[in-house]
Amino acid sequence: MLVVVDLSPAEFVSRQQSGGDWSLLDVRERWEIEAASIAGSVNIPMAEISSRMRELDSDRPVAVICHSGVRSLRVAEFLEQQGFTTVANIRGGIDAWSLEIDNTVPRY
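Reference entry: report on the structure contained in this document. (Residues numbered from 1 in each chain as written. Predicted model: local features only at pLDDT ≥ 70, side-chain atom pairs only at ≥ 80, totals over all residues. Heavy atoms only, no water.)

A few words now on the packing of aromatic side chains. One pass over the full model with this rule turns up three aromatic pairs. Both rings, one in Phe-12 and one in Trp-97, keep their centres 6.2 Å apart while their planes meet at 50°; by these two values the pair is tilted. Of this pair, Phe-12 sits in helix H1 (residues 9–17) while Trp-97 sits in helix H5 (residues 93–100); the two residues are 85 residues apart in sequence, bridging distant segments of the chain. Its relative accessible area of 0% is what places Phe-12 among the buried residues. For Trp-97, a relative accessible area of 7% gives the class buried. On the numbers, 5.8 Å between centres and 75° between planes, the contact of Trp-31 with Tyr-108 is edge-to-face. Of this pair, Trp-31 sits in helix H2 (residues 30–35) while Tyr-108 is found in the segment after H5, placing the two residues 77 residues apart along the sequence. On the basis of relative accessible area, Tyr-108 is assigned to the partly exposed category, the value being 33%. Following the ring pairs from residue to residue traces out a cluster consisting of Phe-12, Trp-22 and Trp-97. (Phe/Tyr/Trp six-rings, centres within 6.5 Å; stacked < 30°, edge-to-face > 60°. Helix = DSSP H or I, 4+ residues; strand = E, 2+ residues; numbered from the N terminus. Buried < 20%, exposed > 50% of the residue type's maximum accessible area, 1.4 Å probe, protein only.)

Below is the structure:
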């Protein structure tokens with residue numbers, strides 16, 4: 001059984017700063033990205049992940065984020081089932097990111 005790593009936004013940033021070559025996958029819808037986004041993230045809406053996951057490197061660690069952490073957890077579990085080697089869910093989503101990491105990211 002696969003278990004998705006659950007990271008707070010601060011834990012994710014710490015892993016990035018420690019030399020981890022993480023991709024940040026944002027699975028929110030376009031209107032949500034327009035409302036608030038994180039620079040450098042890759043946007044593939046949850047509904048498109050199965051048809052677009054080839055855009056991601058399955059050997060590179062990937063952290064998945066959404067608004068609150070529910071959709072991202074489901075996508076992270078799906079990616080693990082598809083053979084991605086290191087997958088994490090960003091607990092609390094972009095809402096927590098705004099509170100913990102960057103308060104210039106709007107909350108909605």
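Along the polypeptide, Glu-32 turns up in helix H2. In this view, Glu-32 contacts His-67, Arg-71 and Tyr-108; residues no more than four positions away in its chain are not counted. (Contact = heavy atoms within 4.5 Å.)

For the rest of this paragraph, the subject is the pattern of salt bridges. If you walk through the whole model with that rule in mind, you get eight salt bridges. The closest approach of N and O atoms between Arg-107 and Asp-95, which form a salt bridge, is 2.7 Å. Separated by 12 residues along the polypeptide, Arg-107 in the segment after H5 and Asp-95 in helix H5 bring together distant segments of the chain. Three or more residues joined by partner-sharing salt bridges are found here, namely Asp-6, Glu-11 and Arg-91. (Salt bridge = Lys/Arg side-chain N within 4 Å of Asp/Glu carboxyl O.)

With that settled, consider helix H4 (residues 70–81). In this model, H4 (12 residues) spans 17 Å end to end at C-alpha, consistent with the 16 Å of a helix rising 1.5 Å per residue. Turning to H4, its buried residues are Ser-72, Val-75, Ala-76, Leu-79 and Glu-80. The buried side chains of H4 occupy one side of the element, clustering within an arc of 140° when seen end-on. Exposed residues on H4 whose side chains face more than 90 degrees from its buried face are Val-70, Arg-74 and Gln-81. Along its buried surface, H4 packs onto strand E2 (23–26), helix H3 (49–52), strand E4 (62–65) and strand E5 (87–90). Phi for Gly-83, located one or two positions after H4, is positive at around 100°. (Expected span 1.5 Å × (residues − 1). Arc of directions from axis to C-beta.)

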